[in-house]
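Survey of secondary and tertiary structure
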Amino acid sequence: MTKITAAITAVGGYVPDYILTNAELETIVDTNAEWIETRTGVKERRIQKGEGLGTSDMCVEAINELLNKRGITALDIDMIIVGTVTPDFVFPSTSNIICDKIGAKNAWGYDISAACSGFVFSLATGVQFIETGKYKKVIVVGADKMSSIVNYEDRTTCILFGDGAGAVLLEPSTDGNGILDSILKVDGAGRHFLFQKAGGSVYPASHATVDAHEHTVVQEGQTVFKHAVVGMAEVSAEIMKNNRLTGSDIAWLVPHQANKRIIDATAKRMELSPEKVMMNIDRYGNTTSGTIPLCLWNYEKKLKKGDNIIISTFGAGFTWGSIYLKWAYNS
Ligand code: UT7
């Protein structure tokens with residue numbers, strides 16, 4: 001029997017219009033544009049403005065683009081999986097809200113919380129529903145409105161993050177292209193180094209938690225940096241070894257966009273030249289679950305059927321992992 005793989009058959013993306021530049025950040029916190037650019041690679045990031053707008057609204061834009069490109073409607077969709085740490089609400093899930101907003105009346109879905117690995121964990125999950133033959137069209141979204149959980153008085157974090165959403169469509173393939181392998185990892189001992197303290201069941205929201213700014217991102221930057229450099233490089237090397245790939249076999253690395261220095265270190269370990277590395281951190285900053293599908297969205301026209309692609313990520317939790325796929329279409 002021919003093996004069914006899950007292939008990405010369309011990509012959509014959305015970033016809000018408002019551009020928060022490093023120069024504007026200089027007017028908000030004690031920082032300077034040059035420090036931000038040289039230490040992180042970020043020049044500007046997008047911010048979702050507007051009363052009552054949230055992560056689902058960015059996802060809707062990305063998904064509608066994807067549906068148009070593929071020439072299908074929301075009614076054709078079986079399932080929507082959303083990687084996010086900034087859901088519209090604690091419950092119901094952002095996936096539920098998206099299904100309603102786009103009219104995906106035949107779909108079901110849920111959110112996956114894995115911070116910067118949210119898209120990768122969601123993609124690996126979506127793949128299972130296609131490979132088993134259960135579903136024919138699964139949308140996987142990575143999206144975060146990081147501006148809703150960033151403390152703009154903390155210069156060590158507010159310079160890093162932005163808002164955005166990217167979506168991919170998974171469909172069955174039998175031509176050998178599609179998602180071929182994944183390695184996914186967690187280490188809960190890392191939970192102390194990048195987290196949001198309040199708003200969960202341990203520290204529910206109260207006047208005290210709001211007064212203490214405990215509903216925003218806290219990060220021990222250097223510790224996360226060290227783990228990210230090792231984690232992303234090693235998991236990428238591991239998936240290459242498992243699939244007998246060398247640097248010259250790989251057309252593209254799609255790395256999580258947290259810090260250009262982490263991306264460069266990963267590419268070096270994989271023996272990849274910079275032209276093979278997708279990068280948009282300069283324009284969007286770290287959009288958490290959004291970074292990887294937004295890279296695919298930006299680079300889609302350059303991708304060719306059969307290209308070997310390695311996706312790689314590291315984030316809060318700690319969570320990290322890598323996916324190996326063969327691109328399934330020419331744009
Ligand atoms: O996506 C999830 C995973 N997240 C990551 O992978 C992020 C990992 N961490 C990082 O990317 C980096 O650690 C940061 C970008 C967060 C920080 O860069 P760093 O090179 O590790 O800086 P540092 O924390 O060691 O700070 C160096 C100096 C300090 O000053 P002193 O003590 O040397 O005088 C900081 O106070 O830079 C200072 N600093 C700043 N200066 C200007 C920290 N933030 C800023 C700032 N502007 N925004």
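In this text, all values refer to a predicted model and were calculated from it rather than measured experimentally.

As for the nonpolar core
Counting 74 residues, the largest nonpolar core has I8, L123, L170, L296, I310, I311 and W327 as its most contacted members. If one sorts the elements of this core by residue count, helix 5 (residues 118–131) sits on top with seven residues. Core analysis: the next-biggest nonpolar cluster, separate from the first, contains 24 residues, I80, I102, A143 and L169 among them.

Focus on the packing of aromatic side chains
The description of an aromatic ring pair rests on the distance of the ring centres and on the angle between the ring planes. With the rule as written, the count across this model stands at eight aromatic pairs. Residues W108 and F129 carry aromatic rings whose centres are separated by 5.9 Å and whose planes lie at 80 degrees to one another, so their mutual orientation is edge-to-face. Here the residue W108 occupies a position in strand 5 (residues 108–112), and F129 occupies one in helix 5, the gap between them amounting to 21 residues. Their ring planes at 40 degrees and their centres at 5.0 Å tell us that W327 and Y329 sit as a pair that is tilted. Take W327 and Y329: they sit in the same class, and that class is buried. In this structure an aromatic cluster arises from ring pairing among W108, Y110, F129 and Y135. The positively charged end of K49 is found above the aromatic ring belonging to Y18, 4.4 Å away from the centroid. A cation over a ring is seen here: K197 above Y203, with NZ or CZ 4.8 Å from the ring centre.

Remarks on the pattern of salt bridges
The final tally for this structure, using the stated rule, is 12 salt bridges. Put simply, R70 and E171 hold a salt bridge, and the shortest N to O gap is 2.6 Å. Residue R70 is found in helix 3 (residues 55–70), and its partner E171 is found in strand 7 (residues 163–173); the two are separated by 101 residues along the sequence. Overall, the relative accessible area of 35% leaves R70 in the partly exposed class. The residue R269 makes a salt bridge to E234 at a minimum N-O spacing of 3.8 Å. In this pair, R269 sits in helix 9 (residues 260–269) while E234 sits in helix 8 (residues 221–242), placing the two residues 35 residues apart along the sequence.

Quick word on the domain arrangement of the protein
Per the domain assignment, the segments of the protein are domain 1 (5–176) and domain 2 (180–326). The gap between the C-alpha centroids of domain 1 and domain 2 is 14 Å. If you look at the interface, domain 1 gives 52 residues, while domain 2 gives 43 residues. Of the roughly 3600 Å² buried between domain 1 and domain 2, counting both surfaces, carbon and sulfur atoms make up 62%. Counting every contact that joins domain 1 to domain 2 gives two salt bridges. Linking domain 1 with domain 2 are 17 residue pairs in polar contact (both at pLDDT 80 or more), by the criterion used here. Every element with two or more residues in the side of domain 1 that touches domain 2 is listed here: strand 1 (5–14), helix 2 (33–40), strand 3 (44–47), helix 3, helix 5, strand 6 (138–145) and strand 7. Grouping the constituent residues of the side of domain 1 that touches domain 2 by class yields 23 nonpolar, 17 polar and 12 charged.

What about the sheet that holds strand 7?
The strand order across the open sheet built from five strands is 1-7-6-4-5, with neighbouring strands paired in mixed fashion. The open sheet terminates on both sides in strands that have one partner only, identified here as strand 1 and strand 5. Each strand axis lies, on average, 20 degrees off the axis of its neighbour in the sheet, ignoring direction. Two elements, strand 4 (residues 79–83) and strand 6, share five bridges in a ladder whose sense is parallel. Paired with I81 across the two strands is V140, which belongs to strand 6. The strands touched by helix 4 (residues 94–102) are strand 4 and strand 5; relative to strand 4, the strand with the most contacts, the crossing angle is about 130 degrees.

Basis of the calculations
Residues numbered from 1 in each chain as written. Predicted model: local features only at pLDDT ≥ 70, side-chain atom pairs only at ≥ 80, totals over all residues. Heavy atoms only, no water. Core = buried A, V, L, I, M, F, W, Y, C linked by side-chain atoms within 4.5 Å. Buried < 20%, exposed > 50% of the residue type's maximum accessible area, 1.4 Å probe, protein only. Helix = DSSP H or I, 4+ residues; strand = E, 2+ residues; numbered from the N terminus. Phe/Tyr/Trp six-rings, centres within 6.5 Å; stacked < 30°, edge-to-face > 60°. Lys NZ or Arg CZ within 6 Å of the ring centre and 35° of its normal. Salt bridge = Lys/Arg side-chain N within 4 Å of Asp/Glu carboxyl O. Domains from an automatic or database assignment. Contact = heavy atoms within 4.5 Å. Buried area = accessible area lost by both parts, 1.4 Å probe. Polar contact = N/O pair within 3.5 Å; in protein donor to acceptor, adjacent residues only side chain to side chain. Nonpolar A, V, L, I, M, F, W, Y, C, P; charged D, E, K, R; others polar. Pairing = 2+ DSSP bridges. Axes fitted to C-alpha atoms, helices over the stretch in contact; angles between N-to-C directions.

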